Amino acid sequence: MSDPTPAEPPVVIKTVDNGPYQVKGPVKIVDHENNTYELGPGRTRLLCRCGLSAKKPFCDGSHAREGFSAAERAGEKAAE
């Protein structure tokens, strides 16, 4: 009998080179004004990483227009 395939984690956060954070739910996002945004299972939203979005906490594409650059990779110590 083989081991079952591990399930995908319920929340996945992915960094996009020179762009936003891609968040896949289910997850609840709460902004600095305590507004909440619910993402159902399998739903995806993009969160601003450059600080320039007029729709924070969500991405509006400002990173591309303004030339935001961030493609660093986490080292092993960052995961500890």
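Residues numbered from 1 in each chain as written. Predicted model: local features only at pLDDT ≥ 70, side-chain atom pairs only at ≥ 80, totals over all residues. Heavy atoms only, no water.

Chemist: A description of the packing of aromatic side chains should follow, citing residues and the corresponding values.
Modeler: Taken as a whole and assessed by the stated rule, the structure comprises 1 aromatic pair. With a centroid separation of 4.9 Å and 85° between ring planes, the pair formed by Tyr37 and Phe58 is classed as edge-to-face. Of this pair, Tyr37 sits in strand β4 (residues 36-39) while Phe58 sits in the loop between β5 (44-47) and α1 (62-66), and the two are 21 residues apart along the sequence. On the accessibility criterion, Tyr37 (27% relative accessible area) is partly exposed. Residue class for Phe58 comes out buried when judged on its relative accessible area of 7%. (Phe/Tyr/Trp six-rings, centres within 6.5 Å; stacked < 30°, edge-to-face > 60°. Helix = DSSP H or I, 4+ residues; strand = E, 2+ residues; numbered from the N terminus. Buried < 20%, exposed > 50% of the residue type's maximum accessible area, 1.4 Å probe, protein only.)

Chemist: Lay out the sheet that holds strand β2 (residues 21-24) with the relevant residues and their values.
Modeler: Taking strand neighbours across the sheet as the criterion, the 3 strands line up as β1-β2-β5 in an open arrangement whose pairing is antiparallel. Each having just a single partner strand, β1 (12-15) and β5 make up the two edges of the open sheet. With direction set aside, neighbouring strand axes in the sheet form an average angle of 20°. Pairing analysis gives 4 bridges linking β1 to β2, with the strands arranged antiparallel. Pairing of Lys14 across the sheet is with Gln22, part of β2. (Pairing = 2+ DSSP bridges. Axes fitted to C-alpha atoms, helices over the stretch in contact; angles between N-to-C directions.)

Chemist: Report on the side chain of Ser53, specifying residues and quantitative values.
Modeler: Looking at the secondary structure, you find Ser53 in the loop between β5 and α1. Here Lys55 takes part through its backbone nitrogen, which lies 2.9 Å from a polar atom of the side chain of Ser53. A polar atom in the side chain of Ser53 sits 3.5 Å from the backbone nitrogen of Asp60. (Polar contact = N/O pair within 3.5 Å; in protein donor to acceptor, adjacent residues only side chain to side chain.)

Chemist: Let's hear about the pairing of strand β3 (residues 27-30): which residues, and what values?
Modeler: Across 4 bridges, β3 lies against β4 in antiparallel orientation. Paired with Val30 across the strands is Thr36, a residue of β4. Remark: 5 residues form the turn of the hairpin made by β3 and β4, two consecutive strands paired antiparallel; Asn34 in that turn has positive phi of roughly 70°.

Chemist: Any details on the environment of Glu66? Residues and values, ideally.
Modeler: By secondary structure assignment, the location of Glu66 is in helix α1. Along the primary structure Glu66 and Leu52 are separated by 14 residues, whereas in three dimensions their C-alpha atoms are 8.4 Å apart.

Chemist: Can you lay out the side chain of Asp31 for me, pointing to particular residues and giving the numbers?
Modeler: In this fold, Asp31 is placed in the loop between β3 and β4. No salt bridge is formed by the buried Asp31. Its closest oppositely charged neighbour is Arg45, at 10 Å. Setting aside anything within four residues of it in sequence, one finds Asp31 in contact with Tyr37 and Pro57. (Lys, Arg positive; Asp, Glu negative; His and termini not counted. Salt bridge = Lys/Arg side-chain N within 4 Å of Asp/Glu carboxyl O. Contact = heavy atoms within 4.5 Å.)

Function cannot be read off these values alone, since they describe shape.
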